[in-house]
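Structure assessment
Below are the chains, spelled out letter by letter.
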Amino acid sequence: MRVPIIAGNWKMNTTIAEAEALVRQMLPELETIDGVETVVCPPFVSLDAVSRLTQGTSVQVGAQNLYHEPKGAYTGEVAPGMLVGVCRWVILGHSERRQYFHEDDRLVNQKVAAALDVGLKPILAVGERLEEREAGRTEEVIARQVRVGLESIPAPESLVIAYEPVWAIGTGRAASGDDANETIGLIRGLVAKQYGDAFAQRMRVLYGGSMTQDNVGGYMAMPEIDGGLIGGASLKAGDFVSIVRQAAEARRGQ
Ligand code: PEP
């Protein structure tokens, strides 16, 4: 059985002091929950502080982005090697990166490869926009994002994929459990074509998009859904803890 992951994407929120306070608030409760991998992804400037506070605990830390070059004249960017020792995970291809910073599948592919090269575990985010969904292009879009995003990358054992329909992110309009389950099944099928069925069955695929403490149970009851990538609700300690706790309980009950 795949161990679920609940990852909190704090986006461009929290100062260093606020990030420390948030993690301090969550930690004691999160430490009591077994059977789920819990990851928090604060902004770059807080990674070191959050990493120190979570050292030796069950809570893992992730970055929200990186640049694929190892070093050099890339003002404002952060190289994969700079994250080593500070965090274990990195979210790549988030729809906000694609939308506001014009990241395309090719660049995401370079970032995934660069993350794996230094031993970081990528959470590759894919998902269709509303107009793509309405045009019946969901499958085609997801297939392209997965195929190009993973092109020429040898079986990435640590890879996690997050299915995040763009229209569900930050909108309160979450995908139904059945819809998310179906699309995640499709993603697993695409991955099976590239890396084989055994690999695809081992790989965790998360749902993301307005997941909250009120709907997490429904997603976790679905056979293809291995957890969540949580935006807004990950900024409230009580809500995030509740999501992690329910994910653990749901998996125990299966
Ligand atoms: C996200 O940013 O990945 C996300 C899923 O956000 P939210 O939970 O706020 O929809």
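Our structure's up above, just so we're on the same page.
All of these numbers come straight from a predicted model, not from anything done at the bench.

Quick look at the environment of Ala-247 now. Along the chain, Ala-247 falls in helix α11 (residues 237-252). The exposure class of Ala-247 is buried, given its relative accessible area of 0%. When the C-alpha positions of Ala-247 and Ile-33 are compared, they lie 9.8 Å apart, and in sequence the two are 214 residues distant.

Turning to the environment of Glu-134, a few remarks are in order. The topology assignment puts Glu-134 in helix α6 (residues 130-134). Of the residues examined, Glu-134 reaches a relative accessible area of 63% and is grouped as exposed. Residues Glu-134 and Val-50, spaced 84 residues apart in sequence, show a C-alpha to C-alpha distance of 40 Å.

Let us now look at helix α1 (residues 16-30). Here α1 contains 15 residues, and its C-alpha end-to-end distance of 20 Å stays within 8% of the 21 Å for a straight helix at 1.5 Å per residue. When we look at burial in α1, the residues that qualify are Ala-19, Leu-22, Val-23, Met-26, Leu-27 and Leu-30. The secondary structure elements touched by the buried residues of α1 are β2 (37-41), α2 (44-54), β3 (59-63) and α11.

Now for the packing of aromatic side chains. This structure, assessed with the given rule, holds 4 aromatic pairs. Here Tyr-67 and Tyr-74 contribute two aromatic rings whose centre-to-centre distance is 5.0 Å and whose plane-to-plane angle is 45 degrees, an arrangement assigned as tilted. Pairing Tyr-195 with Phe-199 gives two aromatic rings, centres 4.9 Å apart and planes at 45 degrees, and the pair type is tilted. Residue class for Tyr-195 comes out buried when judged on its relative accessible area of 16%. Against the face of Phe-101 rests Arg-97, its NZ or CZ located 4.1 Å from the ring centre.

A word on the nonpolar core. Counting residues in each nonpolar core, the largest one holds 65 residues, and the members touching the most others are Met-26, Ile-161, Ile-187, Val-191 and Tyr-207. Tallying contributions element by element places α11 first for this core, with 8 residues. Once residues lying within four places of it in the same chain are set aside, the contact partners of Val-191 are Val-146, Ile-161, Gly-196, Phe-199, Ala-200 and Met-203. Counting residues in hydrophobic clusters, the runner-up holds 11 residues, among them Trp-89, Ile-123, Val-160 and Ala-162.

Around the ligand, the surrounding shell holds 14 residues, and the nearest of these are Lys-11, Glu-164, Gly-170, Ser-210 and Gly-231. Between an oxygen atom of the ligand and a side-chain N or O atom of Lys-11, the distance comes to 2.6 Å. The contact in question runs from an oxygen atom of the ligand to an N or O atom on the backbone of Gly-231, over 2.8 Å. In the complex, the protein chains occlude 95% of the 290 Å² of accessible area that the ligand would expose alone.

Before going further, it helps to examine the layout of surface pockets. In this approach a probe as big as a water molecule rolls over the atoms, and the regions it shows empty are the leftover space. Here the largest pocket is characterised by a volume of approximately 510 Å³. For the largest pocket, the lining is made up of 19 residues, of which Met-12, Gln-64, Asn-65, Arg-97 and Phe-101 are closest to its centre. Ranked by residues supplied to the lining of the largest pocket, first place goes to helix α4 (residues 95-100) with 3 residues. Here the residues of the lining of the largest pocket are counted per class, giving 10 nonpolar, 5 polar and 4 charged.

On to the pairing of strand β4 (residues 89-92). On any regular strand, side chains alternate: one points to one face of the sheet, the next to the other face. Residues Trp-89 and Ile-91 line one face of β4 and the alternating positions Val-90 and Leu-92 line the opposite face, and both faces are buried. As paired strands, β3 and β4 are joined by 2 bridges and run parallel to one another. Paired with Ala-63 across the strands is Val-90, a residue of β4. As paired strands, β4 and strand β5 (residues 121-126) are joined by 4 bridges and run parallel to one another.

Okay, the pairing of β2 next. Burial analysis of β2 places 5 of its 5 residues in the buried class, which makes it a mostly covered element. Side chains of β2 alternate between two faces, with Glu-37, Val-39 and Cys-41 and Thr-38 and Val-40 buried alike. Of the pairings in the sheet, the one linking strand β1 (residues 5-9) to β2 comprises 5 bridges and is parallel in character. Residue Gly-8 lies in a different strand from β2, and its bridge partner there is Val-40.

This paragraph deals with the pattern of salt bridges. Following the criterion strictly, the structure yields 19 salt bridges and no others. Glu-37 serves as the salt-bridge partner of Arg-204, at 2.9 Å between the closest nitrogen and oxygen. On the criterion of sequence distance, the pair formed by Arg-204 in strand β7 (residues 204-208) and Glu-37 in strand β2 is long-range, its members being 167 residues apart. Taking the relative accessible area as the measure of exposure, Arg-204 reaches 14% and is therefore buried. Assessed through its relative accessible area of 18%, Glu-37 is described here as buried. A salt bridge links Glu-128 to Arg-133; the nearest nitrogen and oxygen atoms lie 2.9 Å apart. Judged by its relative accessible area of 26%, Arg-133 falls in the partly exposed class. A network of salt bridges, in which partner residues are shared, links Arg-2, Arg-188, Glu-224 and Asp-226.

The rules we used
- Residues numbered from 1 in each chain as written.
- Predicted model: local features only at pLDDT ≥ 70, side-chain atom pairs only at ≥ 80, totals over all residues.
- Heavy atoms only, no water.
- Helix = DSSP H or I, 4+ residues; strand = E, 2+ residues; numbered from the N terminus.
- Buried < 20%, exposed > 50% of the residue type's maximum accessible area, 1.4 Å probe, protein only.
- Expected span 1.5 Å × (residues − 1).
- Contact = heavy atoms within 4.5 Å.
- Phe/Tyr/Trp six-rings, centres within 6.5 Å; stacked < 30°, edge-to-face > 60°.
- Lys NZ or Arg CZ within 6 Å of the ring centre and 35° of its normal.
- Core = buried A, V, L, I, M, F, W, Y, C linked by side-chain atoms within 4.5 Å.
- Near = heavy atom within 4 Å.
- Polar contact = N/O pair within 3.5 Å; in protein donor to acceptor, adjacent residues only side chain to side chain.
- Areas by Shrake-Rupley, 256 points an atom, 1.4 Å probe, with all protein chains shown as cover.
- 1 Å grid on protein atoms, 1.4 Å probe; cavity = no way out; pocket = protein on both sides within 12 Å on 5 of 7 lines; lining within 4 Å.
- Points joined across faces, edges and corners; volume = space filled by probe spheres on them.
- Nonpolar A, V, L, I, M, F, W, Y, C, P; charged D, E, K, R; others polar.
- Pairing = 2+ DSSP bridges.
- Salt bridge = Lys/Arg side-chain N within 4 Å of Asp/Glu carboxyl O.

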